[in-house]
Amino acid sequence: MSSLNLTQLPPLSLYIHMPWCIKKCPYCDFNSHGLKGTLPEQEYIDSLIIDLEQSLPLVWGRSIQTIFIGGGTPSLFSGEAIDRLISSIRSRIKISPYAEITLEANPGTVEKHYIAEYATAGVNRISLGIQSFNDQHLKILGRIHSADEACKAIETVANNFANFNLDIIYGLPKQTIEQAIDDIQHAINAKPTHISAYNLTIEPNTHFAKFIPKHMPEDDVCYQMQDAIINTLASNGYKRYEISAFAKNNLQSQHNRNYWEFGDYLGIGAGAHSKLSFHDRIIRQMRHKHPSQYMERVKVQQHIDEDRIVTSQELPFEFMMNALRLCNGFTNTLFAQTTGQSFNSILPQLLEAQEQGFIELGYNKVTPTTKGCDFLNNLLELFL
Ligand code: SF4
């Protein structure tokens, strides 16, 4: 394996995983665990702080550009716990004064006083997992909230945060194109700065993979829904900048953008992933997934389940898997800076991708075409 030569390090983000939910949704393949008994709030925050302290030597001298508290359901944690978490981070590592600090919340767990306390603690962006405004679809998705609760949660969030995202899922069982547009229109009416619209996919090892829901819309209906959603969002000022992400007034998710631009991230918490660059190598790590195992092992510095150096052969594919999701693509310079490899090393694959109509090659720029976005997997295969 040849060593890399990174002349500068990319921006660094911090991801914090909160692994519990009230109950597991049947389509979910995230590392989330139905809560049994009381939330071990203090113990888990203690574990996160120990985890961060043990990780500091990997990021000495660097500052955090964005923080994302994701899950699971982070909004199960009290404002006090999130305050202790953010203060503990601040006292251990420099956070940029302009850092976007996002917390994921679920409508079924949005406590009014918690939401206000998150803002006081330093959270400046909320991502709310609405998924649908249709009670029948929410039920099929196994969500714990109703459409009415979703609207109330949005109101609470909007009263406390100027910057918030709503997640919507389309391509739901028995869903019509009109219903998909109706969900998006409801989301638009709530005036979020950002909307993420995902097509429901059946992931392995989920309840839906074992018991495929009936009446899933055909692929061509899903494409029609996607087109209608993109057009509805565009005509309301939401610009698509990534396959599933739409921002108003350019308020893109800075944290996700850093992933897509192949930036670095330190992930702490159960099952969290990290990607960290050094001048001669890029490493990937994953923490133990099960919360109790993670909390036990972090005390004895054995919480890292996987730790490996990414080979230089893997890097082009890894870079493309992220950067080709961005509608504006990427610059040749970004590829060279974040992978430590010359742009010419991937030119044969790029020329082939251009030949097949997947990308456009411009001056210092690679941009996916509509075909490239729609057939991303075929495009990525060229870099395997
Ligand atoms: S609330 Fe979110 S993280 Fe939790 S089980 Fe449902 S989809 Fe997964």
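Residue positions are counted from 1 within each chain, in the order its sequence is given. It should be noted that, the model being predicted, local features are given only for residues of pLDDT at least 70 and side-chain atom pairs only at 80 or more, the latter also being counted only at that level, while totals for whole chains, interfaces and linings use all residues.

A. Local environment of the overall build of the chain. Check the secondary structure of the chain and you find 15 helices and 16 strands. Each radius of gyration is computed over the set of C-alpha atoms, and the globule rule expresses the reference value as 2.2 Å times the number of residues to the power 0.38. Its C-alpha atoms give the chain a radius of gyration of 21 Å, within 12% of the compact-globule value 21 Å for 384 residues. Viewed in the frame of its principal axes, the chain has a C-alpha envelope of about 55 × 50 × 40 Å. Taken across its 384 residues, the chain has 42% of its residues classed as buried. Strands are runs of DSSP state E lasting at least 2 residues, helices are runs of H or I lasting at least 4, and numbering of each runs from the N terminus. Neighbour density around each residue's C-beta defines its exposure: 20 or more other C-beta atoms within 10 Å make it buried, 12 or fewer make it exposed, and counts between make it partly exposed, where C-beta atoms are placed from the backbone.

B. Focus on the site of the ligand. To decide whether a residue is near a molecule or strand, its C-beta atom is placed from the backbone and checked for lying within 6 Å of it. All residues adjacent to the ligand are Cys21, Lys24, Cys25, Cys28, Phe30, Ser32, Gly71, Gly72, Thr73, Asn106 and Gly129. Amino acid classes used here: Ala, Val, Leu, Ile, Met, Phe, Trp, Tyr, Cys and Pro are nonpolar; Asp, Glu, Lys and Arg are charged; the rest, including Gly, are polar. Partitioned by chemical class, the residues of the shell around the ligand number four nonpolar, six polar and one charged.

C. The arrangement of the domain arrangement of the chain in detail. Domains are outlined according to an automatic or database domain assignment. Segmenting the chain into domains produces domain 1 (12-259) and domain 2 (315-381). Put simply, the middle of domain 1 and the middle of domain 2, counted by C-alpha atoms, are 28 Å apart. Counting from both sides, the interface comprises five residues of domain 1 and, opposite them, six residues of domain 2. Among the elements that take part in the side of domain 1 that touches domain 2, strand β9 (residues 238-242) stands out by supplying three residues, more than any other. For the side of domain 1 that touches domain 2, the per-class residue count stands at three nonpolar, no polar and two charged. Note on contacts: residues are paired as contacts if their backbone-placed C-beta atoms lie within 7 Å.

D. Molecular detail of the pairing of strand β4 (residues 64-71). Among the eight residues that make up β4, eight are buried, leaving the element largely enclosed by the rest of the structure. Bridge analysis of strand β1 (residues 12-18) against β4 gives seven bridges, and the strand direction is parallel. Of the residues in β4, the one forming a bridge with Leu14 is Ile67. A pair of strands is treated as paired once DSSP finds two or more bridges between them. Where β4 lies against strand β5 (residues 95-105), five bridges are found, and the strand directions are parallel. Residue pairing in the sheet places Ile69 in a bridge with Leu103 of β5. Place the viewer so that the strands point away; then a crossover is right-handed whenever the path from the first strand over the helix to the second strand goes clockwise. In terms of handedness, the path from β4 via helix α2 (residues 79-90) over to β5 forms a crossover that is right-handed.

E. Just the nonpolar core, in detail. Each nonpolar core comprises buried Ala, Val, Leu, Ile, Met, Phe, Trp, Tyr and Cys residues, the members being joined through C-beta atoms within 7 Å. Among the nonpolar cores identified, the biggest contains 95 residues, and Ile82, Leu128, Val157 and Ile168 are the most heavily contacted of them. When residues of this core are sorted by domain, at least three fall in each of domain 1 (12-259) and domain 2 (315-381). Discounting residues that sit within four places of it in the chain, Ile168 has contacts with Ile130, Gln131, Ser132, Asp183, Ile184, Ala187, Ile195 and Ala197.

F. A look at the pairing of β9. Bridge count for β9 against strand β10 (residues 245-248) is four bridges, and the pairing is antiparallel. Residue pairing across strands places Tyr238 opposite Lys248, the latter belonging to β10. Taking the residues that link successive antiparallel strands as the turn, the β9-β10 hairpin has two residues.

G. Examining the packing of helix α11 (residues 315-323) against helix α12 (residues 332-339) more closely. Convention adopted: a line fitted to C-alpha atoms gives each axis, helices being fitted over their contacting stretch, and angles between N-to-C directions are expressed from 0 to 180 degrees. Contact geometry of α11 with α12 gives a least axis separation of 11 Å together with a crossing angle of 130°. Judged by the angle between their axes, α11 and α12 are oblique. In this structure, α11 crosses over α12, and the sense of that crossing is right-handed. Here α11 contributes Leu315, Pro316 and Phe319 to the contact with α12, which in turn contributes Phe335, Thr338 and Thr339. When the residues that make up the contact of α11 with α12 are grouped by side-chain class, the tally is four nonpolar, two polar and no charged. The cut-offs work like this: below 35 degrees is roughly parallel, past 145 is roughly antiparallel, 65 to 115 is roughly perpendicular, and the gaps in between are oblique. Each crossing is labelled by how the near helix is turned from the far one, with a counterclockwise turn of less than a right angle marking it left-handed and a clockwise turn marking it right-handed.

H. Helix α5 (residues 147-160), seen in detail. Look at α5: 20 Å from first C-alpha to last across 14 residues, which is about the 20 Å you get at 1.5 Å a residue. Listed as buried for α5 are Ala150, Ala153, Ile154, Thr156 and Val157. End-on view of α5: buried residues confined to an arc of 165°, all on one side of the axis. Along α5, the residues that are exposed and aim more than 90 degrees away from the buried face are Asp148, Glu155 and Asn159. In this fold, the buried residues of α5 make contact with β5, α3 (112-121), β6 (125-131) and β7 (164-170). Given the number of residues in a helix, its expected span is that number minus one, multiplied by 1.5 Å. The arc in question is traced by the directions running from the helix axis to the C-beta atoms.

I. Molecular detail of unusual backbone geometry. Residue Gly72 follows Gly71 across a cis peptide bond; omega there is 15°. Its location among the elements puts Gly72 in the loop between β4 and α2. Although it is not a glycine, Asn249 adopts a positive phi angle of roughly 50°. Here Asn249 shows up in the loop between β10 and α9 (254-260). Backbone geometry at Gln301 places phi at a positive 55°, although glycine is not the residue there. Residue position: Gln301 is located in the loop between α10 (291-298) and β14 (304-309). C-beta crowding within 10 Å serves as the criterion here: with 10 such atoms nearby, Gln301 is assigned to the exposed category.

J. Region of interest: the environment of Ala162. As for its placement among the helices and strands, Ala162 is situated in the loop between α5 and β7. Judged by the 10 C-beta atoms lying within 10 Å of it, Ala162 falls in the exposed class. For Ala162 and Gly79, which are 83 residues apart along the polypeptide, the C-alpha to C-alpha distance reads 18 Å.

K. How the structure looks around the packing of helix α1 (residues 41-55) against α2. Contact geometry of α1 with α2 gives a least axis separation of 10 Å together with a crossing angle of 15°. With respect to each other, α1 and α2 are oriented roughly parallel. Handedness of the crossing formed by α1 with α2: right-handed. Across the interface between the two elements, Glu41, Ile45, Leu48, Ile49 and Leu52 from α1 touch Ala81, Arg84, Leu85, Ser88 and Ile89 from α2. When the residues that make up the contact of α1 with α2 are grouped by side-chain class, the tally is seven nonpolar, one polar and two charged.

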